[in-house]
Every structure is written in structure tokens, then in C-alpha cells.
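Structural characterization, general
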Amino acid sequence: MFVNFVHQPVNHSERIISEEKIKLGSLYHYENQQESKNRHCLESTEGQSKKEIEKVAVEKNNNNGSNQSSKEVKQTRILIAESEPELLTLFKTYLDSLGVESVAVDNTDEFLSAFLQSKNEGKDYDAILLDTHLKGKKGLDVAKKIRENNKTQKILLVTTSMKDQLPVHELQSAAIDEKDILVMPFALSKLYKLLINNTLLS
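As the structure is a prediction and not an experimental result, all values here were calculated from the model. (Residues numbered from 1 in each chain as written. Predicted model: local features only at pLDDT ≥ 70, side-chain atom pairs only at ≥ 80, totals over all residues. Heavy atoms only, no water.)

**What to know about the overall build of the protein**
The line we're drawing: Only runs of H or I of at least four residues qualify as helices and only runs of E of at least two qualify as strands under DSSP, and these elements are numbered from the N terminus. Throughout, exposure labels follow a simple rule: accessible area from a 1.4 Å probe, protein chains only, divided by the maximum for the residue type, with under 20% read as buried, over 50% as exposed, and the rest as partly exposed. For this analysis, residues touch if any pair of their heavy atoms sits within 4.5 Å. Each accessible area value is a Shrake-Rupley result obtained with a 1.4 Å probe; residue values ignore everything except the protein chains displayed when judging cover.
Each helix and strand in the protein was counted, giving 6 helices and 5 strands. Start at the N end of the protein and walk to the C end: the helices and strands fall as α-β-α-β-α-β-α-β-α-β-α. Split into buried and exposed, the 202 residues of the protein put 39% on the buried side. Within the protein, residue pairs in contact and separated by at least 24 positions form 71% of the contacts whose partners lie at least 6 positions apart. As presented, the protein carries roughly 12400 Å² of accessible surface, and 51% of it is formed by carbon and sulfur atoms.

**Concerning the side chain of Thr-108**
Applied cut-off: In the analysis that follows, any N or O atom pair within 3.5 Å is treated as a polar contact, provided that within protein one partner can donate a hydrogen and the other can accept it, and provided that, for residues neighboring in sequence, both atoms belong to side chains.
Relative to the elements of secondary structure, Thr-108 occurs in helix α3 (residues 108-120). Thr-108 gets classed as buried once you look at its relative accessible area, which sits at 5%. Within polar-contact distance, the side chain of Thr-108 engages the backbone nitrogen of Lys-137 at 3.0 Å. Sequence-distant contacts of Thr-108, defined by excluding residues within four places in its chain, comprise Leu-134, Lys-135, Gly-136, Lys-137 and Val-142.

**Structural notes on the environment of Ile-146**
For Ile-146, the position within the fold is in helix α4 (residues 139-149). Exposure remark for Ile-146: the relative accessible area of 0% places this residue in the buried category. Taking the C-alpha atoms as reference points, Ile-146 and Ala-174, separated by 28 residues in sequence, lie 7.9 Å from one another. With sequence-adjacent residues up to four places away left out, Ile-146 is seen in contact with Phe-111, Phe-115, Ile-128, Gln-153 and Ile-155.

**Concerning the packing of α3 against α4**
How two helices sit against one another is set out by the angle between their axes and by the gap between those axes. Let me state the cut-off plainly: Only C-alpha atoms enter the line fits that serve as axes; for helices the fit covers just the stretch in contact. Angles between N-to-C directions range over 0 to 180 degrees. We call two directions roughly parallel when the angle between them is under 35 degrees, roughly antiparallel when it is over 145, roughly perpendicular when it lies between 65 and 115, and oblique otherwise. Each crossing gets its hand from how the near helix is turned against the far one by less than a right angle, where anticlockwise is left-handed and clockwise is right-handed. For this classification, Asp, Glu, Lys and Arg are treated as charged, while Ala, Val, Leu, Ile, Met, Phe, Trp, Tyr, Cys and Pro are nonpolar and the rest, including Gly, are polar.
It is at 12 Å that the axes of α3 and α4 come closest, and there the two elements cross at 15°. Taken as axis vectors, α3 and α4 run roughly parallel relative to one another. Helix-helix and strand crossings are classified by hand; for α3 and α4 the assignment is right-handed. Counting all contacts with α3, which are made through Thr-108, Phe-111, Leu-112, Phe-115, Leu-116 and Lys-119, the residues of α4 involved are Val-142, Lys-145, Ile-146 and Asn-149. Considering only residue class, the contact of α3 with α4 consists of 6 nonpolar, 2 polar and 2 charged.

**Comments concerning the nonpolar core**
Cut-off, in case you're wondering: Remark: nonpolar core denotes a set of buried residues (Ala, Val, Leu, Ile, Met, Phe, Trp, Tyr, Cys) joined through side-chain atoms within 4.5 Å.
Counting 24 residues, the largest nonpolar core has Ile-78, Leu-129, Leu-191 and Leu-195 as its most contacted members. Those elements giving two or more residues to this core turn out to be β1 (77-81), α2 (85-97), β3 (127-131), β4 (155-159) and α6 (188-197). Broken down by element, the residue count for this core peaks at 6 residues, all from α2. Apart from the residues within four sequence positions on either side, Leu-191 is in contact with Tyr-94, Leu-95, Leu-129, Leu-156 and Leu-182. Listed in part, the 22 residues of the second largest apolar core include Leu-79, Val-105, Leu-140 and Leu-157.

**A word on the packing of aromatic side chains**
As a reminder, the rule being used: Between 30 and 60 degrees the pair is tilted, below 30 it is stacked and above 60 it is edge-to-face, where a pair is any two Phe, Tyr or Trp rings, Trp via its six-membered ring, whose centres lie within 6.5 Å. Charge over a ring is defined by NZ of Lys or CZ of Arg lying within 6 Å of the ring centre and within 35 degrees of the ring normal.
Going through the model one piece at a time under the given rule, you end up with 2 aromatic pairs. Aromatic pair Phe-91 and Phe-186: ring centres 6.0 Å apart, planes at 15°, arrangement stacked. Separated by 95 residues along the polypeptide, Phe-91 in helix α2 and Phe-186 in the loop between β5 (181-183) and α6 bring together distant segments of the chain. For the pair Phe-111 and Phe-115, a centre-to-centre distance of 6.3 Å together with 10° between the ring planes defines the contact as stacked. With a gap of 4 residues between them, Phe-111 and Phe-115 both fall in helix α3, about one helical turn apart. Of the two residues examined, Phe-111 and Phe-115, each falls in the buried class. The ring of Tyr-125 has Arg-77 sitting right over it, with the charged end atom 4.3 Å from the ring centre.

**Things to note about the confidence of the model for the protein**
Applied cut-off: Per-residue confidence from the predictor is given as pLDDT, running between 0 and 100.
Of the residues in the protein, 63% have a pLDDT of 70 or more, and the chain-wide mean is 76. Looking at the elements of the protein, mean pLDDT is at its lowest for helix α1 (residues 12-63), recorded as 53, and at its highest for β1, recorded as 96. pLDDT under 50 marks residues 1-8. Its contacts with residues more than four places away, or in other chains, come to 0 contacts. Note on residues 21-31: pLDDT under 50 across the span, and 0 contacts to partners over four residues away in sequence or across chains.

Here's what the structure looks like:
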């Protein structure tokens, strides 16, 4: 049996709509991938952090507050700026367990307020733990603002992006060294080592 296939021309508007659907589908897929990546980073860091916080607590109990196997931060003040509530709590809990005096905020306005207030009181923070995706402004924009007010402020950057994906000129403007960048997920021991390397631990 002979079947005659007749080619039906595609309507121009239908083709445009179809192309837009494909674009939207790709964008939706990309955003889902990014959200999934961020969630994975958060869960990985969260899981590792809880174990390390428990380890510090056990070490403190075993040593009864003296001759601890992990060094304590002595009179160190750190400002934590992190948009994820779970990570904000984990970072603060970990630093508190080491004896660090810390202030935790999740948005740009509160961060700048805490930073400037401390500066005006002549009590600069020893370090700032800064998320690259703060609520209100990009972390690197905030870092440049910090640098305008304090040329020597130590900034430790937390990001879900690979180091080579961060804009080099913005890192240079904010005077952030590559070794002071923490890529999620990471073990809190890396943060601990950064504090040691920056002579913030006694």
C-alpha cells in the first residue's frame, strides 16, 4: 500500500513558541541543577560541621579546659556574614566552641552596620567570614566596601563557585588572597587551618 506523506509547513509563530519553550525548559533545568548543587554543598558542609563541633566538645571535656589538643582562639573576634541560616548557625556554633567571640548576620545592611559600629568603637574584627551570595548585595561588592574602610581587614571568603570561576579583578579589588577562599562543601578543619595560618590562633 502506498502512503503519500504530505509535508505540512510549520507556522512561523508556532516555531517561535516552540523555540521559547525549549529555552525556558533549558533555563529551568539549569536553575534546578544550581539549586541542587547548592543544597548538596549545604548538606555536605552541615554534616561535616556537626561532627567536628562534637569532636571539639569531646576534646574540651577530656582535657578539662587545659592543654587542649586543638588550640583555642584567644581574644579573637570574627564577623560572620552568611545567607544560609543553617550554615550561619553552624559557623557560629563551631567558632563559639573554640572560644571565639563572633557576631552572625545574614544580610548586607546588618553586616555593614555591625562592621562600621565596631570600627567606630576602635574594635576592628580580627577576621570576617564572608559569603559571596549575601542578601542585598554580592559578597565581593561588600568586600570592596570593607576594603575602602579598612585596608588591612582580613577577609575569608565562602563560596559555592570554583576558585577559577570567581572574577579575578573583583578579588584583586577586594584584596582577597586565593588561599583565603573556602569552596563549599568543606570541612571546618579548613577554616581552623586558615585561622592558624593567619596567626589568629594562639
